[in-house]
Amino acid sequence: MTDFSDRASEREAEFIDDALLEQRLHDPSAGKTVADSATHCAGCAQPISEARRQAVPGVILCFDCQDEAAWLEAAARRNGRPV
Ligand SMILES: [Zn+2]
């Protein structure tokens with residue numbers, strides 16, 4: 001049985017996967033500038049700090065969502081799922 005929190009977690013993971021894919025498609029090293037950095041996280045809609053926007057040109061995820069996305073990617077890799 002799937003409860004509400006399980007479904008919410010799955011949807012959040014899918015959303016972060018999509019955001020990570022989007023970020024990969026738009027490689028921050030490929031000519032992105034701070035002006036391309038999002039002011040709010042694509043995963044959780046929280047503001048992205050100016051320091052992070054400066055440090056990661058083209059960033060679209062906050063630190064927490066990026067960290068979670070990296071964890072999910074690593075978990076998927078461990079499970080043999082292509083990412
Ligand atoms: Zn976030």
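Just so you know, these numbers come straight off a predicted model, no measurement behind them.

1. Re the overall build of the protein chain
So, point 1. When helices and strands are tallied, the protein chain shows three helices and zero strands.
So, point 2. From first element to last, N terminus to C terminus, the protein chain shows the α and β order α-α-α.
So, point 3. The 83 residues of the protein chain split such that 17% are buried.
So, point 4. Summarising the internal contacts of the protein chain: among those between residues at least 6 apart in sequence, 39% fall at separations of at least 24.

2. Structural notes on the confidence of the model for the protein chain
So, point 1. Put simply, the protein chain has an average pLDDT of 85, and 86% of its residues get 70 or more.
So, point 2. Summarising per-element confidence for the protein chain, the mean pLDDT is lowest in helix H1 (residues 4-25) (82) and highest in helix H2 (residues 50-55) (93).

3. Concerning unusual backbone geometry
So, point 1. Phi at Ala-45 is positive, roughly 70 degrees, even though this residue is not glycine.
So, point 2. Here Ala-45 shows up in the loop between H1 and H2.
So, point 3. Overall, Ala-45 belongs to the exposed group, with 9 C-beta atoms counted inside 10 Å.

4. Remarks on the nonpolar core
So, point 1. Ranked by size, the top nonpolar core spans 11 residues in total: Ile-16, Ala-19, Leu-20, Cys-41, Ile-48, Val-59, Ile-60, Leu-61, Cys-62, Cys-65 and Ala-69.
So, point 2. Of all elements in the fold, only H1 and helix H3 (63-78) reach the threshold of two or more residues within this core.
So, point 3. For this core, the element with the highest residue contribution is H1, accounting for three residues.
So, point 4. Sequence-distant contacts of Ala-19, that is, excluding residues within four places in its chain, are made with Ala-42, Gly-43, Ile-60, Leu-61 and Ala-69.

5. Notes on H3
Because each turn of an α-helix spans 3.6 residues, side chains separated by three or four positions in sequence point in the same direction.
So, point 1. Relative to the 22 Å expected for 16 residues at 1.5 Å per residue, H3 spans 22 Å between its end C-alpha atoms, a close match to the ideal helical length.
So, point 2. Along H3, the residues classified as buried are Cys-65, Gln-66 and Ala-69. An end-on view of H3 places all buried positions within 100 degrees of arc, on one side of the element. Turned more than 90 degrees from where H3 packs its buried face, Asp-64, Asp-67, Trp-71, Ala-74, Ala-75 and Arg-78 sit exposed.
So, point 3. Among the residues trailing H3, Gly-80 stands out with phi positive, at a value near 80 degrees.

6. Regarding the environment of Ala-35
So, point 1. As for its placement among the helices and strands, Ala-35 is situated in the loop between H1 and H2.
So, point 2. Take Ala-35: there are 8 C-beta atoms within 10 Å of it, and that puts it in the exposed class.
So, point 3. For the pair Ala-35 and Gly-58, spaced 23 residues apart in sequence, the C-alpha separation works out to 7.6 Å.

Rules of the game
- Residues numbered from 1 in each chain as written.
- Predicted model: local features only at pLDDT ≥ 70, side-chain atom pairs only at ≥ 80, totals over all residues.
- Helix = DSSP H or I, 4+ residues; strand = E, 2+ residues; numbered from the N terminus.
- Buried ≥ 20, exposed ≤ 12 C-beta atoms within 10 Å, placed from the backbone.
- Contact = placed C-beta atoms within 7 Å.
- pLDDT = per-residue confidence, 0-100.
- Core = buried A, V, L, I, M, F, W, Y, C linked by C-beta atoms within 7 Å.
- Expected span 1.5 Å × (residues − 1).
- Arc of directions from axis to C-beta.

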